[in-house]
Amino acid sequence: MPGAFWCIVEDDRNGSPKKVMAEVIGEAARLAPGRVEAVWLTDKASEAGLKQLGEWGAARVLLLENAAFAPYRSEVWVASAAELAGKESPQAILAPVTSRQREFVARLAARLGVGLAADSVGFALEGDKLVATRPVYAGKLLSKVTWAKAPWVATLRPNVFRPAASQPGKTASVERPTVTAAGALMKFVERREEVSTGLPELTEAETVISGGRGMKGPENYVILEDLGRVIGAAVGASRAAVDAGWRPHRFQIGQTGRTISPKLYLGFGVSGAIQHLAGMRTSKVIVAINKDPEAPIFKIADYGIVADLFEVVPELTKEFKKLLEK
Amino acid sequence: MKILVTIKQVPDTATQVKIAADGKTIDPTGITWIVSPYDEFAVEEALRIKEKRGQGEVVAVSLGPDRVKEALRSCLAMGCDRAIHLNDPAWAAADTLVTARALAKVIEQESAQLVLCGRQAIDDDMGAVTAQLAELLGWPCAYWIMEETIDADAKSVRAARQVEGGLEVFDLPLPAVLAAQKGLNEPRYPTLKGIMGAKKKEIKDLKASDLGGAVEPPQLSVVGLQALPPRPPGRIIQGDVPTAVKELVRSLREDAKAI
Amino acid sequence: MKLELSAEQQMIQAMAREFADSAIKPIAAEIDRDARFPHETVKRMGELGLMGIAVPERWGGSGADAVSYVVALEEIARACASHAVVMSVNNSLYGDPLLRYGTDVQRERFLKPVASGHTHGCFALTEPQAGSDATNQATLAVRDGADYIVNGRKRFITTGRESSFALVFCQTDRAEGHRGISAFVVEKGAPGFTVGKTEDKLGIRASDTAELIFEDCRVPAANRLGDEGQGFKIAMTAIDGGRIGIAAQAVGIAAGAYERSVAYARERKAFGVLIGQHQMVQWMLADMATAIDGARLLTLRAATLKDGGRPYRTAAAMAKLFASETAMKVATDAIQVHGGYGFIREYEVERAFRDAKVTQLYEGTSQIQKLVIARDLLGDHDGRA
C-alpha cells in the first residue's frame, strides 16, 4: 500500500487547528481515501482540536508535542518532521499556505531532497503521478507540475479546495511518535500583535472587501469596515492605496501583497491593475463598484455597478443588514 | 561583513506572457525583464547594512541565461560591489532545489555571513529558495522580514518576521538567511554615477563545473502551461444606486449564493 | 549607422522614467496649479545625478554624455515640463559653460555644488530690452581694482530665485558691442544683488522665472568666466547646447500628450465605437507619433554630434525648431482628440499645451532658430547675406 497523505496542521497557536485544515484534509481524502494523516507540530494540542481533525476525516493524527515547537522555527520543525518522514515514508505532504507553512515545507522538501509545488489550486492523480496546478506570472497562466519522486510536497491556497465536512463521532487514532527535537538556532525575542480590526484575517476570510484609489483617503476605510462587520468580511486594499500610505502593507491584496481566494470579493474604487488581479483573480464571485465604466476590473467581475462607491457602500450596508436580520 | 543577495530576473508584471511552442515555457519575444521586486528590497537592505556599518561587501548572485546580466548590472548600478552569474545550460530546467544547491555552493565559496533574498520571485511565485538555502547550509532563516538589525560585532541579526496577526522578533546567529517582505524598505533608484560605475564592476561567470560536481536532476518539473480558463462574462447592473444595490444583494444571495 | 542606446544610456532612461512616473507625475498638476517650485523632487533629481549629467565626476557631475542627458530629460519632461526646464538650465546653461570655460578653482567653487545638485545655477543673459537680440546688453560691469562693479537688470531668468549662483553677462566695453561682453559668476547674497519679481506664467508654472537686479554689486575679478570680451561667445556656446536640452524637453512634452491621447482613444467611445477606431483620430495619432519620432531623432543626432566633439550648432537649432513646433502641434491635437475634456484641467493635456508654448520662445524663438540655420547654410555668420 502506498504511503499516507500527510496534512501538516496549521493551528491557531492555541491548541486548535485552523479551519483551513478542513480544506487540506478534504483534498487529501479526495486524492487518497483512507490514507489521510494529520501531522501536528505544536507545544500543546487541545483535546477538542484532536477530535476536530478526526471529524474532518484524518484516519490518524501524528502528534509531535514539544515546547520547542513554539514559537515556530524552521530548523526545529524540519529536523523532527524529517525524522518522522524517514520512518513513515508518506506519499505526499500537504500544508495550507500560511506564512510559516510556506517556509517550513520548502525547507522540509530540501531536507528530503524532493520537489515542492507551492500555492497550488488543484491536484489530479495521473497514473502513479500527482500533478499540481498553480497560478504563475501574476496569475496570467496556470502551470501544471509534477514530482520526480515521493513524498510530493505542496502547499494549498486557502478557500480554493472543498473543505471536508465535519462528521461527528468520527475519530482518528492519535499517536505520539518519539522524535528528537533539535536545538533551536533562533532565539525568540517578542511577538508584536497587530492592532486588531475585529474583522477576519485577509487570507482566511470567505468574504473580502477591497478599497482602491477611489477611496480617496485613509479616513474613508471606516465605511468599508462597517460593511465588513455586517457581512463578516476582511477589509483589504489595492497597491495604489497602500503605496499612498492609506493602509498598512499587511492589508495589500495583489502580487506584492496577499493572495486571496474568497468566496466573494467586493472591490470598491479598485481599477483592477494586473498587480491586483494577481492576488484575487481566483476569487469565486467578484463584484466591482467603480465610477469609471472602463476600469479593467469590470472585465473579470461577475457583477458590476458603475457608480460612486460613496453612494453604494452605505446602501449596500443597509441592504445586507436587512437581509441578515431576516 | 560580506552580504550575498540572491536575485531573479522576471518578466515585468505588465508584460503580456505567451506560452512558447513547447507548451511548458513562455515565449521570450517582446518581454520586458526586471529584477523581481522583492529582490530589490533585499538588495536595498544589504546596501543599507553596508552603509550603516561603514564597511563590508555586497555581492549580487543570479542563476539564469545571458539576459540575466542586465539584471545583475542594475544591481551593480544600485550599489552592489560585484556580481556572480550562474550561467550554464545544465541549469536550464532548474527547480527551486537545483537553484538552491547551486546558490548554496556559491555562498560557501564566498564565505558570506548574511544572505538576503526576496520573499518570492514574481514569475513562478514558489517562494522556496530562501528556506532551501537555509536548509542546505544548515543556517537559521527568517521569512517575510519587515525589519532587521545586525548587532555591533556582527555575530547575530535581530529580525522581525511577518506572521498572521503580527510580527515575531527573533535573534538569529550569523551566518543566516533572511527573506525580504514588502515594507522592509523603499528601494533606491540607481544614480547616474552608479549606472556609469556599474560597467567597471565585475560580473563573474560561473558554470556548473566551477561549483564542483554534476547538476542533479530537478525534482519538480513543468508538465505544461495553460491560459486561464476565461471567466464567464459578468453583468453590469443598471439602474439608480438603490435599485442596483438591491438587485446586487438579491443576485449574490439567490443566483451566486455567495452570501 | 547605429540607432541604439548603450546599456548605460538605457539604464539612465529607465531610471529617469521610473523616477518621473513615481515621484514627479503625481505632483505635476498640483505644482502647476499652485505655481510652486518643487524643492523636494528637484533635490532628489540632484541626488540621482540628473543635475550635472555630462559634467565629470571630479566636478560633482555624473560623467555621462549628452545623449544620456537627452534621454533622461525627455523622461522628466514627459511627466512635468517645469522639472525639465530646471534640469535643462542647470546642465546646459550653467554647468556646461562653467565646465568649458572655468578654471579649476572656479569649477571647484561654482560648478561642483551645482553639478552635484546641492544647489542651482542660473543663466542671466536676457534683459528688458535685449531678448532675441542679445548683442545689446545694458548691464554694465566696470573694473574697480580687484573687482567689477555691476549695474543692471536681467529678466525672465529661469531658476533666478532658487539659484545660489548666477552666470551674468555684462558689457565691460560698450564700444566693442557684443565683443565687449564678459561673463561673471555672481553669488546669491552678494551685496547689491537682489531678486525682483517672479513672473506669473502661462506654462512651466512650477519653475521660477525671476528678475535679477544688480545695484553697485561688487563682483571679484576672480569670478569672471573666461577673458574679458569672451562673454558673448560663452553665452552662444551655452545656448547651442541648451537648445538640445529644450528640444528634449519639447519631445518629452509632446510624448506625454501623445501617450495620454492614445490611452484616451482606447477607452473613449463615440458613435458606438472607440474613438481610436475613427479614421480622423487615427490620422491625428499617426501624425503625432511620426513628428515626435522625427523630433527625437533630430535631438539625438545633435547630442551625438556634441558627444563626438563635432560642430552641432545647426543640428541643435534644427532639433529645437522642429521639436518645439512639434510639441505645440501635438499638444493642440491632443486636446482635439480629447474633445471638450481636453479643455479641462483634470485631463492634463491642457497643461502640455500651455507648457509647449514656451519651447518656441526661450533659448531663441523659432524665428531665431531659422535665422541660425539659414546663416549656417549660407556660411554667413555676420548677417550680411
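Note that the structure is predicted; figures quoted are calculated from it, not measured.

## What to know about the overall build of chain C
Each helix and strand counted, chain C has ten helices and ten strands in total. The globule rule puts the C-alpha radius of gyration for 385 residues at 21 Å, and the 21 Å found for chain C is close to it. When the backbone C-alpha atoms are referred to their principal axes, chain C occupies close to 80 × 45 × 40 Å. Expressed as a percentage of its 385 residues, the buried residues of chain C come to 53%. In chain C, once contacts between residues fewer than 6 apart in sequence are set aside, the share between residues at least 24 apart is 74%.

## So, the overall build of chain B
Counting its secondary structure elements, chain B contains six helices and 13 strands. Dimensions along the principal axes, computed over C-alpha positions, put chain B at roughly 65 × 45 × 40 Å. Going through the 259 residues of chain B one by one, you find that 50% of them count as buried. Of the contacts formed within chain B by residues at least 6 apart in sequence, a portion of 68% connects residues at least 24 apart.

## Some words on the confidence of the model for chain C
Averaged over every residue, the pLDDT of chain C is 94; residues scoring 70 or more account for 99%. ipTM for the predicted complex: 0.95, alongside a pTM of 0.90.

## Some words on the environment of C:Ile181
Residue and element names in this part refer to chain C. Structurally, the position occupied by Ile-181 is in strand β5 (residues 181-187). Along the chain, Ile-181 and Val-330 lie 149 residues apart, while their C-alpha atoms are 39 Å from each other. With residues up to four places along the chain from it excluded, the contact list for Ile-181 reads Gln-137, Phe-169, Cys-170, Gln-171, Gly-229, Gly-231 and Phe-232.

## Examining the domain arrangement of chain B
Interfaces are frequently sized by the accessible area removed from exposure as the parts join. Taken domain by domain, chain B comprises domain 1 (2-211) and domain 2 (228-259). One C-alpha centre belongs to domain 1 of chain B, the other to domain 2 of chain B; they are set 44 Å apart.

## Quick notes on the interface of chain A and chain B
On the side of chain B, 72 residues touch chain A, which itself brings 75 residues to the contact. Element by element, the count of residues in the side of chain A that touches chain B is highest for helix α4 (residues 99-112) of chain A, at nine residues. Taken together, the residues of the side of chain A that touches chain B break down into 38 nonpolar, 13 polar and 24 charged.

## Some words on the packing of helix α3 (residues 66-79) of chain C against helix α4 (residues 81-101) of chain C
Residue and element names in this part refer to chain C. Look at α3 against α4: their axes get within 7 Å of each other, and the N-to-C directions meet at 155°. The pairing of α3 with α4 is recorded here as roughly antiparallel in orientation. Only Ala-81, His-83, Ala-84, Met-87, Ser-88 and Asn-91 of α4 make contact with α3, whose side of the interface consists of Tyr-69, Leu-73, Ile-76 and Ala-77.

## Re unusual backbone geometry
Residues and elements named next belong to chain A. Residue Pro-71 is reached from Ala-70 by a cis peptide bond, and omega for that bond is -10°. You can see Pro-71 is positioned in the loop between β3 (60-65) and α3 (74-88). Residue Pro-151 follows Ala-150 across a cis peptide bond; omega there is 0°. Residue position: Pro-151 is located in the loop between β8 (141-147) and β9 (152-156). Not every positive phi belongs to a glycine, and Arg-13 is a case in point at roughly 65°. Along the chain, the position of Arg-13 falls in the loop between β1 (5-8) and α1 (20-31).

## Concerning helix α8 (residues 313-338) of chain C
Residues and elements named next belong to chain C. For α8, spanning 26 residues, the distance from its first C-alpha to its last is 37 Å, which sits close to the expected 38 Å at 1.5 Å a residue. With respect to burial, α8 is a largely interior element, 21 of its 26 residues being buried. Of the residues one or two after α8, Gly-339 is the one with positive phi, at around 60°.

## Points about the sheet that holds strand β5 (residues 82-86) of chain B
The strand order across the open sheet formed by ten strands is β11(A)-β9(B)-β8(B)-β7(B)-β10(B)-β6(B)-β1(B)-β4(B)-β5(B)-β11(B), and the pairing between neighbours is mixed. Looking at which strands have only one partner, the edges of the open sheet turn out to be β11 (187-193) of chain A together with β11 (203-206) of chain B. Within the sheet, the average angular offset between the axes of one strand and its neighbour, ignoring direction, is 30°. Bridge count for β11(A) against strand β9 (residues 166-173) of chain B is six bridges, and the pairing is antiparallel. Paired with A:Arg192 across the bridge in β9(B) is B:Leu167.

## Points about the packing of helix α1 (residues 7-34) of chain C against helix α2 (residues 39-48) of chain C
Residue and element names in this part refer to chain C. For the pair α1 and α2, the least separation of the axes is 11 Å and the interaxial angle reads 170°. With respect to their mutual orientation, α1 and α2 come out roughly antiparallel. Between α1 and α2, the contacting residues are Met-15, Phe-19, Ala-23, Ile-24 and Ile-27 on the first element and Thr-41, Arg-44 and Leu-48 on the second. Its residues assigned to classes, the contact of α1 with α2 comprises six nonpolar, one polar and one charged.

## A closer look at the domain arrangement of chain C
All names here are of chain C. Along its sequence, chain C is carved into domain 1 (7-120), domain 2 (122-232) and domain 3 (239-378). Domain 1 and domain 3 are separated by 21 Å when their C-alpha centres are compared. Taken together, the contact pairs 22 residues of domain 1 with 22 residues of domain 3. If you list the elements that add at least two residues to the side of domain 1 that touches domain 3, you get α1, α3 and α4. Here the element with the most residues in the side of domain 1 that touches domain 3 is α3; it accounts for eleven residues.

## Observations regarding the pairing of strand β14 (residues 264-268) of chain A
All names here are of chain A. The element β14 is largely enclosed, with a buried count of five among its five residues. Of the two faces of β14, the one carrying Leu-264, Leu-266 and Phe-268 and the one carrying Tyr-265 and Gly-267 are both buried. Looking at chain direction, strand β12 (residues 207-211) and β14 are connected through five bridges and run parallel. Of the residues in β14, the one forming a bridge with Thr-207 is Leu-264. Alignment of β14 against strand β15 (residues 285-290), held across five bridges, turns out to be parallel. Counterpart to Leu-264 in the pairing with β15 is Val-285. Handedness of the crossover joining β14 and β15 through helix α7 (residues 274-280) is recorded here as right-handed.

## Considerations on the nonpolar core
In terms of nonpolar packing, the biggest core is built from 323 residues, with A:Cys7, A:Leu94, B:Val5, C:Ala254 and C:Ala331 touching the most fellow members. The element contributing the most residues to this core is helix α6 (residues 231-267) of chain C, with 17 residues. For A:Cys7, the contacting residues outside a window of four places in its chain are A:Met21, A:Val24, A:Ile25, A:Ala28, A:Val36, A:Glu37, A:Ala38, A:Val39, A:Ala58 and A:Leu94.

Here is what the cut-offs are and how they apply
Residues numbered from 1 in each chain as written. Chains lettered and ligands numbered in written order. Predicted model: local features only at pLDDT ≥ 70, side-chain atom pairs only at ≥ 80, totals over all residues. Helix = DSSP H or I, 4+ residues; strand = E, 2+ residues; numbered from the N terminus. Rg over C-alpha atoms; globule rule 2.2 N^0.38 Å. Buried ≥ 20, exposed ≤ 12 C-beta atoms within 10 Å, placed from the backbone. Contact = placed C-beta atoms within 7 Å. pLDDT = per-residue confidence, 0-100. Domains from an automatic or database assignment. Nonpolar A, V, L, I, M, F, W, Y, C, P; charged D, E, K, R; others polar. Axes fitted to C-alpha atoms, helices over the stretch in contact; angles between N-to-C directions. Parallel < 35°, antiparallel > 145°, perpendicular 65-115°, else oblique. Expected span 1.5 Å × (residues − 1). Pairing = 2+ DSSP bridges. Right-handed = clockwise from strand over helix to strand, strands pointing away. Core = buried A, V, L, I, M, F, W, Y, C linked by C-beta atoms within 7 Å.

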